[in-house]
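What follows is the residue order along each chain.
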Amino acid sequence: MGGIVVGASLDIFSTSLDQSRIQVMPLKFLDANGSGSTSNAIKAMYYAVNMGAKVINCSWGGPSYSKSLLDAISYAYDHQALVISAAGNNSKNNDASDMYPANYDVPGNLSIAATTDADGLASFSNYGGQRVHLASPGVYIYSTLPGGYYGS
């Protein structure tokens with residue numbers, strides 16, 4: 001992910017990334033299989049906000065509503081932190097199906113669908129005219145890879 005974030009403002013092929021004004025605060029609450037608890041996601045979100053994060057990436061989600069997670073996203077908004085939530089990867093309409101945190105109605109919570117390299121909606125991406133706010137590349141994104149490699 002670092003190459004994608006830094007690549008938004010710099011040349012990912014550069015040998016020196018000292019010019020970057022972007023700082024990444026990796027907070028892990030999911031295991032190697034992508035499983036984790038909502039309570040740990042909430043702790044990570046409060047920690048990020050309290051440490052001064054301005055953008056929080058939530059590339060995870062599920063169908064279960066949590067008042068505590070809604071409160072954490074509201075807390076982020078109250079502290080001028082933007083929450084970017086994945087719309088989901090189930091090819092479902094979020095206007096008719098629950099997906100959280102993407103579907104929480106908090107002004108600073110943006111739900112993002114995935115697009116292909118041709119700018120069409122990715123076949124797996126969730127969508128919705130009311131609940132999904134934007135779409136962004138989610139397929140074949142060229143970036144840095146571990147070991148000094150590049151790839152999609």
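Refer to the structure presented above.
All values reported here derive from a predicted model rather than from experimental measurement. (Residues numbered from 1 in each chain as written. Predicted model: local features only at pLDDT ≥ 70, side-chain atom pairs only at ≥ 80, totals over all residues. Heavy atoms only, no water.)

K.L.:
What's the story with the layout of surface pockets in this structure? I'm lost.
P.N.:
Of the pockets and cavities examined, the second largest pocket occupies roughly 240 Å³. Lining the second largest pocket are 17 residues, with Gly 36, Thr 38, Trp 60, Gly 61 and Gly 62 sitting closest to its centre. Partitioned by chemical class, the residues of the lining of the second largest pocket number seven nonpolar, ten polar and no charged. (1 Å grid on protein atoms, 1.4 Å probe; cavity = no way out; pocket = protein on both sides within 12 Å on 5 of 7 lines; lining within 4 Å. Points joined across faces, edges and corners; volume = space filled by probe spheres on them. Nonpolar A, V, L, I, M, F, W, Y, C, P; charged D, E, K, R; others polar.)

K.L.:
Can you walk me through the sheet that holds strand β1 (residues 55-58) in this structure?
P.N.:
Think of a sheet as strands paired side by side through backbone hydrogen bonds, with each pair either parallel or antiparallel. Here four strands make up an open sheet; going across it, the order is β1-β2-β3-β4 and the pairing parallel. Sheet topology places β1 and β4 (134-137) at the edges, where each strand pairs with a single neighbour. The mean inter-strand angle of the sheet, taken between neighbouring strand axes irrespective of direction, is 35°. Alignment of β1 against strand β2 (residues 82-86), held across four bridges, turns out to be parallel. Bridge pairing in β2 places Asn 57 opposite Ile 84. (Pairing = 2+ DSSP bridges. Helix = DSSP H or I, 4+ residues; strand = E, 2+ residues; numbered from the N terminus. Axes fitted to C-alpha atoms, helices over the stretch in contact; angles between N-to-C directions.)

K.L.:
Help me understand the nonpolar core in this model?
P.N.:
Core analysis: the largest hydrophobic core is formed by 20 residues, its most contacted members being Met 45, Ile 56, Leu 69, Ile 73 and Tyr 104. Counting residues per element, the ones that place at least two in this core are α2 (38-50), β1 and α3 (67-78). If we ignore the near neighbours within four places in the chain, the residues touching Ile 73 are Met 45, Val 83, Pro 101, Tyr 104, Val 106 and Asn 109. (Core = buried A, V, L, I, M, F, W, Y, C linked by side-chain atoms within 4.5 Å. Buried < 20%, exposed > 50% of the residue type's maximum accessible area, 1.4 Å probe, protein only. Contact = heavy atoms within 4.5 Å.)

K.L.:
Can you help me understand the pairing of strand β3 (residues 109-115) in this one?
P.N.:
In regular strands, side chains alternate between the two faces of the sheet. With respect to burial, β3 is a largely interior element, six of its seven residues being buried. Relative to β3, β2 runs parallel, the two sharing four bridges. What sits directly across from Ala 86, in β3, is Ile 112. With four bridges joining them, β3 and β4 adopt parallel strand pairing. Opposite Thr 115, over in β4, you have Pro 137 as the bridge partner.

K.L.:
Sorry if this is basic, but what is going on with the pattern of salt bridges here?
P.N.:
Between side chains of opposite charge, pairing is possible as soon as their charged atoms come close. For the structure on display, the rule yields one salt bridge. Salt-bridge contacts for Asp 71 lead to Lys 67; the nearest nitrogen and oxygen are separated by 2.6 Å. Here Asp 71 pairs with Lys 67, and both are found in helix α3, just four residues apart, close to one helical turn. Residue classification places Asp 71 among the partly exposed positions, given a relative accessible area of 32%. On the basis of relative accessibility, which here comes to 48%, the residue Lys 67 falls in the partly exposed class. (Salt bridge = Lys/Arg side-chain N within 4 Å of Asp/Glu carboxyl O.)

K.L.:
I'm lost on the environment of Ile 112 in this one. Help?
P.N.:
Mapped onto the elements, Ile 112 comes out in strand β3. Linking Ile 112 and Ala 87, residues 25 residues apart in sequence, is a C-alpha distance of 5.1 Å. The contacts of Ile 112, once residues within four sequence positions are left out, are Ile 84, Ser 85, Ala 86, Ala 87, Val 132, Leu 134, Ala 135 and Ser 136.

K.L.:
What is the right way to look at a nonpolar patch on the surface in this model?
P.N.:
Where nonpolar side chains cluster on the molecular surface, the patch consists of Met 25, Leu 27, Tyr 47 and Met 51 and spans about 370 Å² of accessible area. One can find Tyr 47 in helix α2. Owing to a relative accessible area of 42%, Tyr 47 belongs among the partly exposed residues under this scheme. (Patch = residues over 30% accessible without salt bridge, like charges linked within 9 Å, V, L, I, M, F, W, Y side chains within 5 Å. Areas by Shrake-Rupley, 256 points an atom, 1.4 Å probe, with all protein chains shown as cover.)

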